[in-house]
Amino acid sequence: RVCACVMALLISHQTIAQDRISQANLNIDTDRIRNADTEQGNWLAHGRTFSEQRFSPLNQINEENIGDMGLAWSIETGFGRGHEASPIVVDGVMFITLPWSVVMALDAETGETIWTYDPEVPREWGRRGCCDVVNRGAALWKGKLIFATFDGRLVGLDAKTGKRIWETRTTDPDQPYTITGAPRIAEGKVVIGNGGGEYGVRGYITAYDAGTGEQAWRFYIVPGNPADPFEHPEMEVAAKTWSGTWWEAGGGGTAWDSMAYDPDLELLYVGTGNGSPWNREIRSPGGGDNLYLSSILAIKPDTGRLVWHYQTTPADSWDYTAVQHIMLADLEIEGRTRKVLMQAPKNSFFYVLDRETGELLSADKYIYSNWASHVDLETGRPVELPNADYKDEPKLIYPAPDGGHGWHPMAYNPATGYVYIPAMMGGMAYVYDEDYVYTKEAWNTGTDFGAIPSAMEGITTPRQQNAGYLKAWDPIEKREVWSNQLPGRFNGGLLSTAGNLLFQGTSDGRFVAYSADKGEELWQVQTNIGIIAPPVTYTIDGEQYIAVLAGWGGGGAIVGADRGISAATRYPNRGKVLAFKLGGNAKLPTVIPKRQVMVPQDVSGVSVETFRRGERLFQDYCFMCHGFAGNSAGVVADLRFSIQRVHDSFEDIVLKGIFKESGMASFADILDKEDVAAIKSYLGLRINQDSGATSNTP
């Protein structure tokens, strides 16, 4: 009888969920997003509005009653990798994207699944990504849910049924491209970029008809071989700022995340990425700014032509991308209302640009850096310090390649006037790679990662504390207003509301609410899973909800950031969707802490040369998933804690791909048995060092 009651309840929930999506008005267009404030209970687009401010006028949940907020519902997604998506919520229906580009429609009141679509990304494609198999979201347009897949497809689904309407391939499947970003829609065109700069690809963005998936235009970000015809006039201009044979390694410049659209100016703003390789001395040995790397581009979405550009880091040599969150606002600056674009890219400077013309209005440090002293407002160029050049000797440079701010979205609150930045502090020893050779299947940085530990010992540059921060920045006064230091560096994206609230998840598993004006912590809940995705808010029947995806992963996390701090190093990393409301009394499932043991390995008789070879191969092919020096932060397997059966099957795992369905593809095309033996010996040494088993170390 109890089972019958439960079954009846489940059927009732499913019926309600189906009724909800059948009645939802999913006909989103430019006018609805432009007038999003007339639908305050919905979250219609990636950043809620075209301005991407991630601010909601909802205030039912506010600083006075936040203490009464509790969990309304939660679901497990079934994935254990990074969850980075920003949900879209319309009329009580939530659309989310998950690792491996899986898409779900949920009842936003109960979490009940309405439909699921799996694009069946080949799991071995995970080897091609620098920064986890994540997806940051979808776009909703005239009844279609449009998203991109990790292996380079753009897909349009019927939003009510989850059935595929159209699909187009937007990258060359023979090249190591990936897509992790959320598409944006402008002038009826869906625009998507791609990733893969470290693997030696040439970046571009493409616009497709949102109704049919037919290509409208493509804008290349860096020039190809100048012996070939230029695809569009901008490439002829850009080629004059490059030297050498950059096209052989692709050039980079991938636009893998941020975009924003101004429908009044009819301008699409796109942030671009680093060069391939990072090291400018190798990439472009004769000098040059290398357009349009690390730049903000303003493009006409109807034609794909460039209106203006601003390069945040000319001749970038440190992976200081400008793909970070782009935000639009109208601000009164020096007595005049300006239409501005704001960005805090990796390079440590907070930029305010006139978004009509590209004029630089201000650029000020939001985090410590020692590669540049300031940005010259006359030329718009950063003034580099001697410490920036690592050609002749290793240099400890701040920020590290992770940057002062990663992809994690900022938020803006018009009541306080503050932009909130999920910032971080960290440095890295950049070491010129004298032996660099372009390899399509390895990271092409032109820096020697294997030499970093020894280089650090010889560098006397003062160390700064590695930490994460939540910062409030006044873009008019050009200063930090308040700052909270956090336990870990890699923390979640942000949401601010008219309730004077600011929400953020953290790497150590907390979901926290702060006062937007003062930064005071007002409420928190421990979820026991790292959160990096940005929250959203919406209403159903007049009741406000705050929702966020939880699941540790992404760039810095997957290579080992916040080891020992992230919840994923202590608890299983089982992805979830969490929704909160006032009076919510649901409970999270009990989580049992991990039990991990290092099994000492016999590496007696292995030469120092073999250990060093294994270390170099590990840094070339393994560390981007399993952590720098083999100690991950719990996203992908920390190989130091492998059971003996894994050690015994190591060769079959690496060369035969017996775990490929879990994302561990075969590397037989680039590694042989001797290579694998060297990597295994290196890992054995690392295990023995970290476990204290020193009898078998060189």
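Here's what I pulled together on the structure shown here. Worth saying up front: this structure is predicted, and the values here are computed from it rather than measured.

**Section: the pattern of salt bridges**
Then, in step 1: One pass over the structure, following the stated rule, counts 34 salt bridges.
Then, in step 2: Where Asp675 meets Arg613, a salt bridge forms, and the shortest distance between an N and an O atom there is 2.4 Å. Taken together, the positions of Asp675 in helix α11 (residues 673–691) and Arg613 in helix α7 (residues 608–621) put the pair 62 residues apart, joining distant regions of the chain.
Then, in step 3: Assessed through its relative accessible area of 10%, Asp675 is described here as buried.
Then, in step 4: Arg613 gets classed as partly exposed once you look at its relative accessible area, which sits at 35%.

**Details of the sheet that holds strand β16 (residues 259–262)**
Then, in step 1: Judged by pairing direction, the sheet is antiparallel, and its four strands sit side by side in the order β16-β17-β19-β20 without closing on themselves. Among the strands making up the open sheet, the edge pair consists of β16 and β20 (306–311). When strand polarity is set aside, the average angle formed by the axes of neighbouring strands in this sheet is 15°.
Then, in step 2: Strand direction decides the pairing type here: β16 and strand β17 (residues 267–271), joined by four bridges, are antiparallel. In the strand pairing of β17, Tyr261 is matched with Leu268.

**Quick look at the pairing of strand β33 (residues 494–497)**
Then, in step 1: Every second residue of β33 is oriented toward a common face, with Leu494 and Ser496 on one face and Leu495 and Thr497 on the other, all of them buried.
Then, in step 2: Sheet analysis places β33 next to strand β34 (residues 501–505), joined by four bridges and oriented antiparallel. When the sheet's bridge partners are listed, Leu494 is paired in β34 with Gln504.
Then, in step 3: What sits between β33 and β34 in their antiparallel hairpin is a turn of three residues, with Asn500 showing a positive phi close to 60°.

So, how was this worked out
Residues numbered from 1 in each chain as written. Predicted model: local features only at pLDDT ≥ 70, side-chain atom pairs only at ≥ 80, totals over all residues. Heavy atoms only, no water. Salt bridge = Lys/Arg side-chain N within 4 Å of Asp/Glu carboxyl O. Helix = DSSP H or I, 4+ residues; strand = E, 2+ residues; numbered from the N terminus. Buried < 20%, exposed > 50% of the residue type's maximum accessible area, 1.4 Å probe, protein only. Pairing = 2+ DSSP bridges. Axes fitted to C-alpha atoms, helices over the stretch in contact; angles between N-to-C directions.

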